[in-house]
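# Geometric and topological summary
The primary structure of each chain is shown beneath.
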Amino acid sequence: MTDRRTAVITGASSGIGEACARAFASEGLHVVLGARREAQLAQVADEIVAAGGAATAVPCDVTDAAQVDRLVTAALEATGRLDVMVCNAGLGYNGRLDETDADRMRRLMEVNFFGTFHAARAAVAHFRQAGRGHLFIVSSIVGRKGVPRMAAYAATKFAQVGLGESVRAELAGTGVHVTLVYPISTETEFRRAMVREWGLDVSGAGPRQSPEHVAATMVRALRRPRADVYPMRLSRLVPAASALLPGLADWVATRFSRTPK
């Protein structure tokens, strides 16, 4: 057991979660990685260790609160502390509202919202006791502006934002920081995951960013805490445009929406 700062990261076997794990480990944190794909998760942890970092892999399904609690327990057993929680695990979906059945909506809520809820709740209890900590919630730009064919997904991302903003207000002045992250379309396994889960494949227009770029902005927020992080700077205009010019914002969203392949 050491006094090394410790970060728990969900959805850490690929994409933004993996990039965040590598970036935080490079900052000297012991990263505790959670995800369902055990072999891929172990490989990421092994590569971090081989590069001189400290990492622990813990298979975890974030829809199960008991498994999330075990993930936090693993962090405490490894280092005796919990400093950062990154709620990143998520699942995408593409389809019109009338094409979206209730079972798919429930599945998205279980992974995207309740997965975040379980992880945030488990971490905040420790943060309050310690009087310090940093909670990251990786939402999406569609958590600030809905787009066509992503009503179900956007609903879960809006829910994450409401949770995060409320918790941030609850924790004001306690020494615990809450950062909401709003990536645009990111070059990850997002589309392949939709194929695995739903048999859907989509294409889309618009700007892209790498997971490493998102992780780098999160590292900066770790060093100097911020309430909101927009990895693509111009995307911070989205909430204002949506509020002030909703018709124009809807037109732009339609141009950049994802469509079935």
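Bear in mind that the values here come from a model prediction, so they are computed numbers and not experimental data. (Residues numbered from 1 in each chain as written. Predicted model: local features only at pLDDT ≥ 70, side-chain atom pairs only at ≥ 80, totals over all residues. Heavy atoms only, no water.)

### As for the overall build of the protein
Scanning the protein from terminus to terminus reveals nine helices and nine strands. A burial count over the protein gives 48% of its 261 residues as buried. Long-range pairs, those at least 24 residues apart, make up 71% of the contacts in the protein with a sequence separation of at least 6. In the structure as shown, the protein presents an accessible area of about 12,000 Å², 53% of it carried by carbon and sulfur atoms. (Helix = DSSP H or I, 4+ residues; strand = E, 2+ residues; numbered from the N terminus. Buried < 20%, exposed > 50% of the residue type's maximum accessible area, 1.4 Å probe, protein only. Contact = heavy atoms within 4.5 Å. Areas by Shrake-Rupley, 256 points an atom, 1.4 Å probe, with all protein chains shown as cover.)

### Examining the nonpolar core
As a rule of thumb, nonpolar side chains are buried together in soluble globular proteins. Ranked by size, the top nonpolar core spans 38 residues in total, and within it Val8, Leu82, Met85, Cys87, Phe127, Leu135 and Val167 carry the most contacts. Secondary-structure elements contributing two or more residues to this core are helix 3 (65-79), strand 4 (84-87), helix 4 (102-130), strand 5 (133-138), helix 5 (151-170) and strand 6 (176-181). No other element matches the seven residues that helix 4 contributes to this core. Every residue in contact with Cys87, bar those within four places of it in the chain, is listed here: Thr10, Thr116, Ala119, Ala120, Leu135, Phe136, Ile137 and Val138. In this structure, Leu33, Val84, Phe136 and Ala215 belong to the second largest nonpolar core, which totals 31 residues. (Core = buried A, V, L, I, M, F, W, Y, C linked by side-chain atoms within 4.5 Å.)

### Focus on a positive patch on the surface
A cluster of like positive charges, contributed by Arg220, Arg224, Arg226, Arg233 and Arg236, occupies part of the molecular surface. Along the polypeptide, Arg236 turns up in the loop between strand 8 (228-229) and helix 8 (237-244). A residue is classified by how much of its surface remains accessible, and Arg236, at 38% relative accessible area, is partly exposed. (Patch = residues over 30% accessible without salt bridge, like charges linked within 9 Å, V, L, I, M, F, W, Y side chains within 5 Å. Salt bridge = Lys/Arg side-chain N within 4 Å of Asp/Glu carboxyl O. Lys, Arg positive; Asp, Glu negative; His and termini not counted. Charge placed at Lys NZ, Arg CZ, Asp CG, Glu CD.)

### Section: helix 4
Given a rise of 1.5 Å per residue, 29 residues ought to cover 42 Å, and the 40 Å separating the end C-alpha atoms of helix 4 matches this to within 8%. Within helix 4, the axis deviates most sharply at Phe114, by approximately 35°. Taking the backbone nitrogen of Asp103 as reference, a side-chain oxygen 3.2 Å away marks Asp101 as the first, capping residue of helix 4. Among the residues trailing helix 4, Gly131 stands out with phi positive, at a value near 75°. (Expected span 1.5 Å × (residues − 1). Bend = angle between axes of the 7 residues up to and from the residue. Polar contact = N/O pair within 3.5 Å; in protein donor to acceptor, adjacent residues only side chain to side chain.)

### A few points about the packing of helix 1 (residues 15-26) against helix 7 (residues 211-223)
Between helix 1 and helix 7, the least distance of the axes is 8 Å, while the angle of their chain directions is 50°. The angle between the axes of helix 1 and helix 7 places the two elements in the oblique class. The interaxial crossing formed by helix 1 with helix 7 has right-handed handedness. On helix 7, the residues touching Gly15, Ile16, Ala19, Cys20, Ala23 and Phe24 of helix 1 are Pro211, Glu212, Val214, Ala215, Met218, Val219 and Leu222. When the residues that make up the contact of helix 1 with helix 7 are grouped by side-chain class, the tally is eleven nonpolar, one polar and one charged. (Axes fitted to C-alpha atoms, helices over the stretch in contact; angles between N-to-C directions. Parallel < 35°, antiparallel > 145°, perpendicular 65-115°, else oblique. Left-handed = near helix turned anticlockwise from the far one by under 90°. Nonpolar A, V, L, I, M, F, W, Y, C, P; charged D, E, K, R; others polar.)

Remember that the coordinates give geometry; whether it matters functionally is a separate question.
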